[in-house]
Amino acid sequence: MANVPPIPKRISSIKFGLLSPKEIRKMSSTPIITADTYDDDGFPIDMGLMDTRLGVIDPGLRCKTCSGRAGECPGHFGHIELVAPVVHVGFNKVIRKLLRATCRKCSRILLEPAQKQHYLDQLIGIEEIGHMPDDMINEAYKEASKVKVCPYCNEEQLDIKFEKPTEYLENGEKLTPTEIRDRFENIPDEDIKVVGMDPKNARPEWMILTVLPVPPVTVRPSITLESGQRSEDDLTHKLVDIIRINQRFQENREAGAPQLIIEDLWELLQYHVTTFFDNSVSGIPPARHRSGRPLKTLSQRLKGKEGRFRGSLSGKRVNFSARTVISPDPNLSINEVGVPMPIARILTMPCVVTPRNIEQLKIYVRNGEDVHPGANYVLRQDGRRIKVTNVNKDDLAEKLEFGWTVERQLKDGDIVLFNRQPSLHKMSIMAHSVKVLPNKTFRLNPAVCPPYNADFDGDEMNMHALQTEESRAEAKILMQVQENILSPRFGGPIIGGIHDHISGLFLLTRFENHILANDAYDMLRKSDIKELPSPAGYDPDGKPYWTGKQIFSQILPKNLNTQFSAQVCSHCDTCKKEECPNDAYVVIRDGELIKGTIDEAAIGAFKGKVQDRIIKEIGPEAGARFIDNMTMLAVRAIMRTGLSFGIADEDIPKEARIQINEVLGKAEDAVQNLIKSYQNKELEPLPGRTLDETIEMSIMQKLGKARDETGNIADSHMGLENPAVIMARSGARGSILNLTQMAACVGQQAVRGERIRRGYGGRTLPHFQKGDLGSDAHGFVKASYKSGLNPTEYFFHAIGGREGLVDTAVRTSQSGYLQRRLVNALQDLEVQYDLTVRDTRGVLVQFKYGEDGINPTKSDFSKPDTIHRIVRSVASREVA
Amino acid sequence: MTKFSLLDHESVPKHEIMPEGELKSVLSKYSIEKEQLPKIKVQDPVSKEIGAVVGDVVKITRKSQTAGEAEYYRLVIE
Ligand SMILES: [Mg+2]
Ligand SMILES: [Zn+2]
Ligand SMILES: [Zn+2]
Ligand SMILES: [Zn+2]
């Protein structure tokens, strides 16, 4: 870090205020007096809404204010002098509060001098400590509006009612904007401060408009339609309305029109100004276009999802991208993505014509846009872009010169970015190489589902075609899938086998499996293995056979050595390691699976120790090849035996059912005994608990234990040949708890970790006794999903289930917000070459990344195991 | 009442005011100005405890699971 960048300037404060009529006139380049826009020659009319003093949008014209051309001129405001004042809709709340808090005669704030001073002092104190004064101000408003007689002029205060959208009634009589403005003008500066307004920057009378600023034409450009007709922006339309009414109003007033007509026109002016600011205020019909479409006025431009903030500033759209539904293809490499032909023919890669590629590029151009891989555009050296059509393709191919650029269609091997929202970590955007395929979905290897958190129930993903050589190189080196198998989150692989991959290899490698040559070759067909090792033995009929372990070993790198406990390990008190009776200790020696069963702990995403070791010891390329081969082998292995799962797999023998009912009955009795001793006040409270808490906890514990016991009974009647057990034990899908609930007993339904208690007074449902503490009155479900729930059980189950749904909904929104804030706070931090972490100003955040300077991706599941491993491999034996 | 030292609590790492010479070598090691160090307030209980004044640099020695001991430096500010 030789030269540290200087600490950049910081914004120390931002001030908000209201525009005064004086300021509006001062910043205006011209008054606007006519509603016409262009004259017959299509030239902007002077003092019209398109006056060139407001800026220019037509190329060729020059701005009369800054003499800039279109593009150079930022645009300038104009103004409209309103014939009569109107209320600004955006300030209704403040206007209402202020009318209620000030005297109708002398305009002073309705507070005793002492009270006023108290608030003023408080305000200074709040400002000093940098807090928000909102609470205090609201209190001042509230106190002032309670006063019924003015303490200064003894005027009795009348009730002020607000009527949507911009009407104020005092004792039922309408207050005109002029009256309101007069009252506000008379409020002394000091009284203004009490309600939190700064009289220098925001006098309250400025909330009643007498002058309307006219936004520059650059804000509301007109568009020329294909027919040559001009189409004006919605804002311009609205301003035309305002000027028209303003003019009519003036003419009528000067002609001495009756009061009724004047009032109508005033109201109309108010309506147009209101909808100019916000066309979605409740209480008035939105202003509409001739076609019936509501106009998009100022606040519609800013508000909501498509508004300026959420739509234009926080969200952006890009070219060279594609989006479609995803579907699985285990025959693709994890580094590949299947791209539908229609997409491949639209997205392009720019290729500069050189002596080395001109012949190839000529072929693409000659193919045109219809024959894949063709070319869609040719860029000449002078920057002209020519579309390749069936008419000009041969011509263009002949004319091709060095230095031109051909935008050829996407083809196999191109590097593209692939993304699935929400992009929560760096593995949500990875680089894949293109494989153009028929049909209309993106195809990806199911092993890359975990990092994207994708499934195939209709998920869509985005693809971006990279447009520069540098970006393609960077993507290939840093972002390719194989470079991201190991997650920096926990130092293990995030890509690996899922579902059938795990069950498949589990079935293949479990115990001694006799596999004949045909099957063996079939399973390895798709991998690059072409020869089998010497057979494990010969069948009685003399045919050679191989074991599943041997087959799996074929896809392991030859120099791989590792050992670990499998997922099926039952965690015996003393592990017998190689001698494990369940074949649950995996030993791989020189790329040969000697012992153990392959399951989630070996090849699973998040857990797979085999990928982990291959990548860390051999490299990402070998890791990717292993995952490719492993997924293809697993799919064929599971097809050899098949694995299906149905309701009949939950059948348990009659005696098991009897045992389960016995256990549940006993638990029920135990609960009843507990309740009895509670009612007889014999129950001893647990330390630190009340008696009520104690009984609840004891009951929950008893019932929980009973459920587990029923699960064990069911489990003992379902051996490792049961497909549900295979999936649960190997970690492929589901858990033993799922099995218990299906076969034996669903168990206690809970809300916030407690038994269900809500419902009617003293009971959960009307047919229970008041105060019944029994298990079935509080949501214990005795039945299994297979046997079916009775109506009360079903109802309690729905209660418990809903909590889960609400929880997930709340959690995702909360954790999303937390993530956003963390990312915003940390996005500019960078680990420097000296391993310090610094922000953009060069201010240090950490002196050594993570205190130890370790790259978590290279750590062993976040544990410091590297040294032990090195020692082990040098000593070539286990060292304590 | 007995006065306890904050630093005696097991989860409060060692804080000490850095001598001028050591500070210089740290600043040159990272080639930074004093202002680019992380900050700590004088009102911070631990600043008060060790009697640091504005402009001092506090050296914090933390226990780390993976690194054994890790050093951190903070500039005392108002
Ligand atoms: Mg989905
Ligand atoms: Zn201009
Ligand atoms: Zn008064
Ligand atoms: Zn074991």
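Residues numbered from 1 in each chain as written. Chains lettered and ligands numbered in written order. Predicted model: local features only at pLDDT ≥ 70, side-chain atom pairs only at ≥ 80, totals over all residues. Heavy atoms only, no water.

A. Spatial organisation of the sheet that holds strand 32 (residues 844-846) of chain A. All names here are of chain A. Reading across from one edge, 30-31-32 is the order of the 3 strands in this open sheet, with antiparallel pairing throughout. With one partner strand each, in any of the chains shown, strand 30 (830-831) and strand 32 form the two edges of the open sheet. Across 2 bridges, strand 31 (residues 837-838) lies against strand 32 in antiparallel orientation. Across the sheet, Arg-838 pairs through a bridge with Leu-844, a residue of strand 32. (Pairing = 2+ DSSP bridges. Helix = DSSP H or I, 4+ residues; strand = E, 2+ residues; numbered from the N terminus.)

B. Structural view of the UniProt feature "domain: RNA polymerase subunit H/Rpb5 C-terminal" (unreviewed entry) in chain B. When the UniProt feature table is mapped onto this chain, "domain: RNA polymerase subunit H/Rpb5 C-terminal" (unreviewed entry) is found at residues 5-76 of chain B. In residues 5-76 of chain B, the share of helix is 22% and the share of strand is 33%. The end C-alpha atoms are 20 Å apart. (UniProt positions renumbered as here; feature names shortened; annotations may be inferred.)

C. Seen up close, the coordination of the magnesium ion (ligand 1). Residues and elements named next belong to chain A. Within the protein, the atoms that donate to the magnesium ion (ligand 1) are Asp-455 (OD), Asp-457 (OD) and Asp-459 (OD), at distances of 2.1 to 2.2 Å. Counting residues between consecutive donors of the magnesium ion (ligand 1) along the chain gives the motif D-x1-D-x1-D. Here Asp-459 falls in the buried class, since its relative accessible area comes to 11%. (Donors = N, O, S within 2.8 Å, 3.2 Å for Na, K, Ca; no water. Buried < 20%, exposed > 50% of the residue type's maximum accessible area, 1.4 Å probe, protein only.)

D. Representation of the environment of A:Tyr521 in the model. Residue and element names in this part refer to chain A. Mapped onto the fold, Tyr-521 is located in helix 17 (residues 517-524). Among the residues examined, Tyr-521 registers a relative accessible area of 44% and is labelled partly exposed. A C-alpha to C-alpha distance of 43 Å links Tyr-521 and Arg-356, two positions 165 residues apart in sequence. Each residue touching Tyr-521, except ones within four places of it in the same chain, is listed here: Lys-530 and Leu-532. (Contact = heavy atoms within 4.5 Å.)

E. Molecular detail of the coordination of the zinc ion (ligand 2). Residues and elements named next belong to chain A. At this site the zinc ion (ligand 2) is bound by Cys-63 (SG), Cys-66 (SG), Cys-73 (SG) and His-76 (NE2), with donor distances of 2.0 to 2.3 Å. Given 4 donor atoms and angles of 107 to 112° at the metal, the environment of the zinc ion (ligand 2) is assigned as tetrahedral. Each donor residue of the zinc ion (ligand 2) belongs to the same chain, and together they define the spacing C-x2-C-x6-C-x2-H. In terms of burial, Cys-73 and His-76 fall into one category: buried. (Tetrahedral: all angles 85-135°; square planar, octahedral: opposite > 155°, others 65-115°.)

F. Broad picture of the packing of aromatic side chains. A complete count under the given rule lists 12 aromatic pairs over all chains for this structure. Judged by centre distance (5.4 Å) and plane angle (65°), the rings of A:Phe276 and A:Phe277 are edge-to-face. An aromatic cluster of at least three residues, connected via ring pairs, comprises A:Phe847, B:Tyr30, B:Tyr72 and B:Tyr73. Over the ring of B:Tyr72 we find B:Arg62; its NZ or CZ atom is 4.3 Å from the centre of that ring. (Phe/Tyr/Trp six-rings, centres within 6.5 Å; stacked < 30°, edge-to-face > 60°. Lys NZ or Arg CZ within 6 Å of the ring centre and 35° of its normal.)

G. Seen up close, the pattern of salt bridges. Residues and elements named next belong to chain A. Scanning the entire structure with this criterion turns up 49 salt bridges over all chains. The salt bridge partner of Asp-46 is Lys-64, with a shortest N-O separation of 3.3 Å. Residue Asp-46 is found in the loop between helix 1 (21-27) and strand 1 (78-87), and its partner Lys-64 is found in the loop between helix 1 and strand 1; the two are separated by 18 residues along the sequence. Accessibility expressed as a relative area gives 44% for Asp-46, which makes it partly exposed. Here Lys-64 falls in the exposed class, since its relative accessible area comes to 53%. For the salt bridge of Glu-407 with Arg-385, the shortest nitrogen-to-oxygen distance reads 3.0 Å. With Glu-407 in strand 13 (residues 405-409) and Arg-385 in strand 12 (residues 385-387), this pair connects stretches of sequence that are 22 residues apart. Residue Glu-407 is classed as buried on the basis of its relative accessible area, which comes to 6%. Salt bridges sharing partners connect three or more residues here, namely Asp-612, Arg-613, Lys-616, Glu-617 and Asp-860. (Salt bridge = Lys/Arg side-chain N within 4 Å of Asp/Glu carboxyl O.)

H. Unusual backbone geometry, seen in detail. All names here are of chain A. Cis geometry marks the peptide bond from His-372 to Pro-373, where omega comes out at -10°. Relative to the helices and strands, Pro-373 resides in the loop between helix 12 (358-367) and strand 11 (375-379). The linkage connecting Gln-421 with the following residue, Pro-422, adopts the cis geometry, with an omega of -5°. Within the secondary structure layout, Pro-422 lies in the loop between strand 14 (415-419) and strand 15 (429-437). A positive phi is found at His-499, a non-glycine position, where the angle reads about 40°. Within the secondary structure, His-499 sits in the loop between strand 19 (492-493) and helix 16 (500-509). Positive phi, close to 70°, is recorded for Glu-851, a residue that is not glycine. Within the element layout of this structure, Glu-851 appears in the loop between strand 32 and helix 27 (866-875). Glu-851 gets classed as partly exposed once you look at its relative accessible area, which sits at 28%.

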